[in-house]
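Listed below are the residues making up each chain.
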Amino acid sequence: MAHCVTLVQLSISCDHLIDKDISSKSDPLCVLLQDVGGGKWAELGRTERVRNCSSPEFSKTLQLEYHFETVQKLRFGIYDIDNKTPELGDDDFLGGAECSLGQVVSSRILTLPLMLKPGKPAGRGTITVSAQELKDSRVVTMEVEARNLDKKVCVEGGPGGSRIKRTGMDFLGKSDPFLEFFHQGDGKWHLAYRSEVIKNNLNPTWKRFSVPLQHFCGGDPSTPIQVRCSDYDSDGSHDLIGTFHTSLAQLQAVPAEFECIHLEKQQKKKSYKNSGTICVKICQVETEYSFLDYVMGGCQINFTVGVDFTGSNGDPSSPDSLHYLSPTGVNEYLTALWSVGSVVQDYDSDKLFPAFGFGAQVPPDWQVSHEFALNFNPNNPYCAGVQGIVDAYRQALPQVRLYGPTNFAPIINHVARFAAQAAHQRTASAPREALAQTVLAEVPTQLVSYFKAQGWAPFKPLPPAAKGPAQVPQA
C-alpha cells in the first residue's frame with residue numbers, strides 16, 4: 001500500500017480555562033504529543049505562552065505528518081507557565097484532551113472538553129483544534145514600523161475637575177505596542193500573527209517575520225485582513241491603540257501607510273485624526289522550496305558505494321565477521337546495501353552506481369588498494385542498480401584478501417571531485433560535508449540547504465503540448 005503522507009497544520013484555542021494564579025489569570029501554553037507505542041508519548045511541539053488569559057487563541061501553529069493508513073493518537077496538554085524552565089513538571093496542569101488526527105481532519109474544527117484526569121473535567125474548560133493541509137509552500141515576509149502612536153494615558157473631566165486616568169501600566173511612561181494580524185473566514189476573525197512587544201516606544205520597528213501564506217490569508221491576497229495595534233499590560237488587560245483593515249494585495253504595495261484608528265475616540269472627538277500611523281516597509285511573498293520541489297524539478301541523487309575490506313571486519317569465514325555470508329546468503333554489508341540502496345535508487349534515472357572497495361589486497365599483484373572497482377573494471381566501475389552492486393560484492397569478496405589500514409579518504413575524494421564538477425555545472429549534487437552523512441533522513445535537509453545557499457530554485461518542467469482534436473485521452 002502506498003503511504004499517503006501530507007503535512008497538516010493545527011491551530012489551537014481554548015475557552016474557560018481554570019485559574020491557578022491567585023492574583024491574576026493563568027499564563028497558558030499548549031503542548032502536543034503523539035502516541036509512539038508501548039505506552040510512550042513523544043512531544044511534537046508547543047505553542048507560545050499567552051499571558052493572563054483564560055480563553056487564549058494561540059498564534060503559533062503546530063505541524064505534523066498525516067498518514068491515512070495509521071491511527072495517529074494525539075494528546076493536548078494545557079499548562080500554566082510561571083517560570084522559564086522548559087520542563088512541565090513544575091507547572092500547573094490546566095487540563096488535557098485526547099483524540100486522533102483522523103478525527104481532527106474529518107471534523108476540520110473539533111472542540112473537546114478538557115480533563116484534569118479521566119472522569120474529572122477541568123471546570124468548563126474546552127480546547128478547539130482546527131486542521132489545515134499545507135499545500136502552499138509560499139510564505140509572507142513582512143517588516144512593519146509605526147509612527148506617533150498614542151500614549152495610553154488620558155485626561156478625564158468630572159465633578160472634582162480634571163484628573164489623569166491611568167490605563168494599563170503606562171501611567172508615567174509611553175506605550176508598549178504590539179501588533180496582531182487577523183484574517184477573515186467563516187464570518188470570524190482568525191489570528192494569523194502576533195508580534196513581539198516593544199517597551200516604552202511610540203515609534204517602534206518590529207522584527208521582520210514570516211508566516212505561511214495559507215495561514216496568513218488563506219492563500220487569497222484579497223481576503224480581508226484586520227491589523228490591531230495594542231498597548232501591552234502585564235495583567236492581560238491590553239489597551240487598544242487602534243486598528244485598520246486591509247488585504248495582502250494592499251500590503252504588498254510598499255511602502256504602504258495606514259492610519260491606526262480608535263473608533264471610540266473618533267466618535268467622541270471631532271478633531272481626532274488618528275492614533276498613529278502603521279508603515280509597511282517590506283511585504284513580499286516567497287516560496288520555501290521543499291525536497292520534493294527539487295526532486296520533481298529533475299534533481300538526481302548520485303549514490304556511490306564504498307565497501308570496507310580491512311582485516312578489522314574479521315575472517316569472512318567466521319560467523320563473527322561482518323562479511324560472513326549466512327546460509328541464506330546475507331551478511332551485514334548486503335543488508336546495509338539493500339536498506340540504503342533500495343531507497344536512493346529511485347532518485348537516479350539511469351540507476352548506474354559506482355562501487356568501490358578499500359583496504360584489501362587485490363589480484364593480480366596483491367598490492368593493497370584503497371580505491372578499487374568492485375567489479376574490477378577501473379574504466380567502468382558502474383553497477384546496474386542495487387542488484388548490480390550486490391552481484392559485484394559477492395564476486396569480489398572471495399577474490400580479495402582483507403588487509404588494512406582503514407583509509408577511505410581516496411573514495412571520499414573521488415566522489416568529491418565529481419561533486420565539485422557537478423556543482424560547477426549547476427547540476428544536482430551535494431557539498432563535500434554532506435558526503436559523510438549516512439542517515440537517509442538527512443539527505444533532503446542537506447540537499448535543500450545546499451541549493452538554498454547557492455540560490456538555486458528547482459527546475460520547472462515545461463507544460464505538456466496541447467492535444468490535437470484527433471488525439472484521444474487515455475486513462
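Cut-offs applied
- Residues numbered from 1 in each chain as written.
- Predicted model: local features only at pLDDT ≥ 70, side-chain atom pairs only at ≥ 80, totals over all residues.
- Heavy atoms only, no water.
- UniProt positions renumbered as here; feature names shortened; annotations may be inferred.
- Helix = DSSP H or I, 4+ residues; strand = E, 2+ residues; numbered from the N terminus.
- Buried < 20%, exposed > 50% of the residue type's maximum accessible area, 1.4 Å probe, protein only.
- Contact = heavy atoms within 4.5 Å.
- Areas by Shrake-Rupley, 256 points an atom, 1.4 Å probe, with all protein chains shown as cover.
- pLDDT = per-residue confidence, 0-100.
- Core = buried A, V, L, I, M, F, W, Y, C linked by side-chain atoms within 4.5 Å.

If you look the protein chain up in an unreviewed UniProt entry, it shows as Copine-1 isoform X4 from Balaenoptera acutorostrata. UniProt lists a comment for the protein chain under the heading Sequence similarities (unreviewed entry), and it reads "Belongs to the copine family."

1. Comments concerning the overall build of the protein chain
Of regular secondary structure, the protein chain possesses 10 helices and 25 strands. When burial is assessed residue by residue, the protein chain has 41% of its 475 residues classed as buried. Across the protein chain, every contact between residues at least 6 apart in sequence was considered, and the portion connecting residues at least 24 apart equals 63%. Total accessible area on the protein chain is roughly 26700 Å²; 53% of this is exposed by carbon and sulfur atoms.

2. Structural notes on the confidence of the model for the protein chain
Model confidence for the protein chain is summarised by a mean pLDDT of 84, while 84% of its residues fall at 70 or above. Of all the helices and strands in the protein chain, helix α9 (residues 432-435) carries the lowest mean pLDDT, 34, while strand β15 (residues 225-231) carries the highest, 97. Every residue in residues 427-440 is under pLDDT 50, and counting partners more than four places away or in other chains gives 25 contacts.

3. Remarks on the nonpolar core
Most often, soluble globular proteins keep nonpolar side chains buried together rather than apart. Core analysis: the largest hydrophobic core is formed by 30 residues, its most contacted members being Met142, Phe181 and Phe216. With 4 residues, strand β9 (residues 138-147) is the single largest residue contributor to this core. Here Phe216 is in contact with Val140, Met142, Phe181, His183, Ala192, Val211, Ile225, Leu248 and Leu251, once residues within four sequence places are set aside. Grouped together as the second largest cluster of nonpolar side chains are 27 residues, Leu32, Leu62, Cys99 and Leu101 included.

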